[in-house]
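Below, each chain spelled out in residue letters.
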Amino acid sequence: MEIIQHLLDGFLIAFEPLNLGLVVVGVTVGLFIGAMPGLGSVNGVAILLPLTFLVPPTSAIIFLAAIYYGAMYGGAISSVMLGIPGASTAVATTFDGRPLALKGLADKALIGAAMASFFGGTISIVLFTGFAPALASVALDFGDQEIFALMLLAFATFVGLGGDDIPKTIFSICIGLVFSAVGMDIISGTPRLVFFDITGFLHGINFLVLAIGVYGIGEMLWTIDSTRGNPSMSKVKISMERTVSHMKEVVLEWKPAWIGSLLGFFVGILPAAGATPGSLMAYGISKMTSKNPDGYGKGEVGGVIAPEAANNSASTGAMLPMLTLGIPGSPTTAILLGGMVIWGLVPGPLMFIEQSDFVWGLTASLYAANFFAVVINILFIPVFLWVLKMPFTILAPIIFVLCLVGGYAPTEDMHDVWLMVIFGFGAYLLRKLDYPLAPAVLAIVLGPIAEPALRQSLIISGGDATVFFTRPIAGPITVIALILLVLPLVQVVRKKMKQSKQVEA
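Along each chain, residue indices are assigned from 1 in the same order as the chain's sequence is written. Local features in this predicted model are restricted to residues of pLDDT 70 or higher, and side-chain atom pairs are both shown and tallied only at a pLDDT of 80 or more, whereas totals for entire chains, interfaces and linings draw on every residue. Side-chain numbers here rest on the full set of heavy atoms in the structure, without hydrogens or water.

## A word on empty space enclosed by the protein
(1) Moving on: Points on a 1 Å grid, built from protein atoms alone, make a cavity when a 1.4 Å probe fits but cannot get out and make a pocket when they are open with protein on both sides within 12 Å along at least 5 of 7 lines; residues with an atom within 4 Å of a point are the lining residues. Grid points are joined across faces, edges and corners, and a volume is the space filled by probe spheres set on the points. This structure, assessed with the given rule, holds 1 cavity of 30 Å³ or more.
(2) Moving on: Considering only enclosed or pocket space, the largest cavity measures out at about 30 Å³ in volume.
(3) Moving on: What lines the largest cavity is Phe171, Ser172, Ile175, Leu430, Tyr435, Pro436, Leu437 and Ala440.
(4) Moving on: Among the elements that take part in the lining of the largest cavity, helix H9 (residues 166-180) stands out by supplying 3 residues, more than any other. Put simply, DSSP H or I for four residues or longer makes a helix, DSSP E for two residues or longer makes a strand, and each gets a number counted from the N terminus.

## Looking at the environment of Ala149
(1) Moving on: Its location among the elements puts Ala149 in helix H7 (residues 144-156).
(2) Moving on: The spatial distance from the C-alpha of Ala149 to the C-alpha of Phe469 is 9.2 Å, given a sequence separation of 320 residues.
(3) Moving on: Residues count as neighbours in contact if any of their non-hydrogen atoms are within 4.5 Å of one another. Not counting residues up to four positions away in its chain, the partners in contact with Ala149 are Ala474, Ile477 and Thr478.

## Notes on the nonpolar core
(1) Moving on: Each nonpolar core is a collection of buried residues, namely Ala, Val, Leu, Ile, Met, Phe, Trp, Tyr and Cys, held together in the definition by side-chain atoms within 4.5 Å. Note on classification: 1.4 Å probe, protein chains only; a residue is buried when its accessible area is under 20% of the maximum for its type, exposed when over 50%, partly exposed between these limits. Of all hydrophobic cores here, the largest spans 132 residues; its most connected members are Met81, Phe95, Met340 and Phe358.
(2) Moving on: Top contributing element to this core by residue count: helix H4 (residues 57-81), with 16 residues.
(3) Moving on: One finds Ala149, Leu153, Ile477 and Ala481 within the second-largest nonpolar core, a separate group that totals 7 residues.

## Observations regarding the side chain of Asn19
(1) Moving on: On the secondary structure map, Asn19 appears in helix H2 (residues 17-35).
(2) Moving on: Whenever a nitrogen or oxygen atom comes within 3.5 Å of another N or O atom, the pair is scored as a polar contact, on the condition that within protein one atom can donate a hydrogen and the other can accept it, and that pairs from neighbouring residues in sequence are kept only if both atoms are in side chains. Among the polar contacts made by the side chain of Asn19, one reaches the side chain of Ser59 at a distance of 2.5 Å.
(3) Moving on: Not counting chain neighbours up to four residues away, the residues in contact with Asn19 comprise Ile13, Ala14, Ser59 and Ile62.

## Looking at the environment of Leu385
(1) Moving on: Positionally, Leu385 belongs in helix H19 (residues 381-385).
(2) Moving on: Between the alpha carbons of Leu385 and Leu105 there is a distance of 10.0 Å; along the sequence they are 280 residues apart.

## Description of helix H13 (residues 275-288)
Every α-helix winds through 3.6 residues per turn, so residues three or four apart in the chain are directed the same way.
(1) Moving on: Between its terminal C-alpha atoms H13 stretches 20 Å, which fits the 20 Å expected from 14 residues at 1.5 Å a residue.
(2) Moving on: Where burial is concerned, most of H13 is hidden: 12 out of the 14 residues are buried.
(3) Moving on: Here H13 has its buried residues at Ala275, Thr276, Pro277, Gly278, Ser279, Leu280, Met281, Ala282, Tyr283, Gly284, Ser286 and Lys287. Each helix should span, by expectation, one fewer than its residue count multiplied by 1.5 Å.

## Considering helix H12 (residues 254-268)
(1) Moving on: Taking 1.5 Å per residue, 15 residues should reach 21 Å; H12 reaches 21 Å between its end C-alpha atoms and fits that length.
(2) Moving on: Residues of H12 that are buried include every one of Pro256, Ala257, Ile259, Gly260, Ser261, Leu263, Gly264, Phe265, Val267 and Gly268, and no others.

## Considering the packing of aromatic side chains
(1) Moving on: Only the six-membered ring of Trp is used, alongside the rings of Phe and Tyr, when aromatic pairs are assigned; centres must lie within 6.5 Å, and planes under 30 degrees apart are stacked while those over 60 apart are edge-to-face, with the rest tilted. On inspection of all chains with the given rule, the structure shows 11 aromatic pairs.
(2) Moving on: Seen in terms of ring centroids, Tyr283 and Tyr296 are 5.6 Å apart; in terms of plane orientation they differ by 70 degrees. Their pairing is edge-to-face. Here the residue Tyr283 occupies a position in helix H13, and Tyr296 occupies one in the loop between H13 and helix H14 (302-317), the gap between them amounting to 13 residues.
(3) Moving on: Looking at Tyr283, the relative accessible area reads 3%, which means it is buried.
(4) Moving on: For Tyr296, a relative accessible area of 7% translates into the label buried.
(5) Moving on: Here a set of aromatic residues connected by ring pairs shows up, and it is made of Phe11, Phe15 and Tyr367.
(6) Moving on: Lying over the aromatic face of Tyr435, Lys168 brings its terminal NZ or CZ to 5.0 Å of the ring centre. In our convention, an over-ring charge means Lys NZ or Arg CZ found within 6 Å of a ring centre and within 35 degrees of that ring's normal.

## Points about the pattern of salt bridges
(1) Moving on: We define a salt bridge as a side-chain nitrogen of Lys or Arg found within 4 Å of a carboxyl oxygen belonging to Asp or Glu. If you walk through the whole model with that rule in mind, you get 6 salt bridges.
(2) Moving on: When the shortest N-O distance is used, the salt bridge between Glu146 and Arg471 registers 2.8 Å. Placement of the pair is Glu146 in helix H7 and Arg471 in the loop between helix H23 (467-470) and helix H24 (474-504), with a sequence separation of 325 residues.
(3) Moving on: The partner of Arg192 in a salt bridge is Asp185, with the nearest N and O atoms 3.1 Å apart.
(4) Moving on: Taking relative accessible area as the criterion, Asp185 reaches 11% and is therefore assigned buried.

## Comments concerning the packing of H9 against helix H22 (residues 438-460)
Packed helices, taken two at a time, are described by the angle their axes make and the gap between the axes.
(1) Moving on: In the contact formed by H9 and H22, the axes pass within 7 Å of each other and the chain directions differ by 40 degrees. The angle between the axes of H9 and H22 places the two elements in the oblique class. Relative to H22, the crossing made by H9 is right-handed. Contacts between H9 and H22 pair Thr169, Ser172, Ile173, Gly176, Leu177, Phe179 and Ser180 from the former with Pro439, Ala440, Ala443, Ile444, Gly447 and Pro448 from the latter.
(2) Moving on: By residue class, the composition of the contact of H9 with H22 is 8 nonpolar, 5 polar and no charged. Axis lines are fitted to C-alpha atoms, over the contacting stretch for helices. Their N-to-C directions set the angle, which ranges from 0 to 180 degrees. Between 65 and 115 degrees an angle is taken as roughly perpendicular, under 35 as roughly parallel, over 145 as roughly antiparallel, and anywhere else as oblique. Should the near helix be turned anticlockwise from the far one by less than a right angle, the crossing is termed left-handed; should it be turned clockwise, right-handed. Residues were grouped as follows: Ala, Val, Leu, Ile, Met, Phe, Trp, Tyr, Cys and Pro as nonpolar; Asp, Glu, Lys and Arg as charged; and all remaining residues, including Gly, as polar.

## Things to note about a nonpolar patch on the surface
(1) Moving on: Among the surface-exposed residues, Val178, Leu193, Phe195, Phe196 and Ile198 lie close enough to one another that they form a single nonpolar patch of about 470 Å² accessible area.
(2) Moving on: When you line up the elements, Leu193 lands in the loop between strand E2 (191-192) and helix H10 (207-226). Patch membership is restricted to residues that have no salt bridge and whose relative accessible area is over 30%. Joining uses 9 Å for like charges and 5 Å for the nonpolar side chains Val, Leu, Ile, Met, Phe, Trp and Tyr. For every accessible area listed, the method is Shrake-Rupley and the probe measures 1.4 Å; residues are considered covered only by the protein chains on display.

## Topic: unusual backbone geometry
(1) Moving on: Even without a glycine there, the phi angle at Phe196 is positive, about 55 degrees.
(2) Moving on: Tracing the backbone shows Phe196 in the loop between E2 and H10.
(3) Moving on: Relative accessible area serves as the criterion here: at 78%, Phe196 is assigned to the exposed category.

Next comes the structure, spelled out in structure tokens:
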């Protein structure tokens, strides 16, 4: 009852005219920031941080949190409409969102993304409200061994993402892991895999550069080639009846929504993880548990729902260690943490006692931001669909320019722009040879997280790998991951044995 009373007090703060207005403006601005390739919530919050010094601290953090929330919603827009991830958190949405758009079901994909984001956001806020201190202590129990076990579990879903061709899937994973290792060695500090001694590789390969190259330029080249240079864009006619029909279909997809919401929140509270690994893991597990796994990657709405529920859930989860422990759970929350320190707010367990008005006002504002974000998102769907009515001869150059801008924006380095173009052509060739691209993209995300966790764990244990099995949390996760890795191989062997028996008969 005490929590409910605190939350009601928080709603009184969140619904003050200034705070409510900042929520609406924040989610609207965030929606378009998230939709711009290469920008994302990190840059959006950082750019707009100075504006918040004009308002009280509570209003300031409410505004920035609303931008963060809106950007999580907006990342799906360019993923669906153009095949370009608006941010790294929306890469998994591209896998099925873009095929749905090409089938003339862009409105279904956008509605699914919006409703899944709302569901994931709601579940995570409820968990945040009721279990913040307890969940923060669980996050503290995650050391390097647990982080690596969790990343191994994510890798275990890769074989399922690559289809039945396991050798090609493993090859794709290895390419991603090689790219993730480019740059400075995390232990010795020496350069490694600096191709042709090009200094641009010293800072590593930016994940967003690879993602935009693969799913922006690569997708554009594939579309031009597959339609013999004369592609026709899907004509979508939006209507209230069609919208309601899509909403009913999305509601029936409850399993990927729950998977994304719970997994996203759990991964979001871990300081080493964040929304990107959470959304990718949710996509993989959703495919493995689906009744129609073959439809994933070809335009399955569950492939949009799972990652979108996960990245919105993870964005709330990432705020939990920030407020309770002073440890940011994502790059965006690190900027929010910096703003809180500037405003004289001290994160930690005592904040819930000494700054209860701030904490519960922020918590209540998340409910409001979640509601306004889904409403604004659905209302703007006709505007987004207008993009598909443009001739591809006009759209293709726009996509290419957006890719160049998106590749340049994160690092402002022309090296990354050239690298992105090379990745685009490489992705096109791999797709022509029927190699799965998703495992390579996932590997370059999880590689930089898994490698330091593995090496530090082995250094601490003196090279004893059993440490991953003996720890109470890491042990079960590692065993489950190994089972999931072996299971597809066993299924392939059984399938070939069956086929050989049928041939002999």
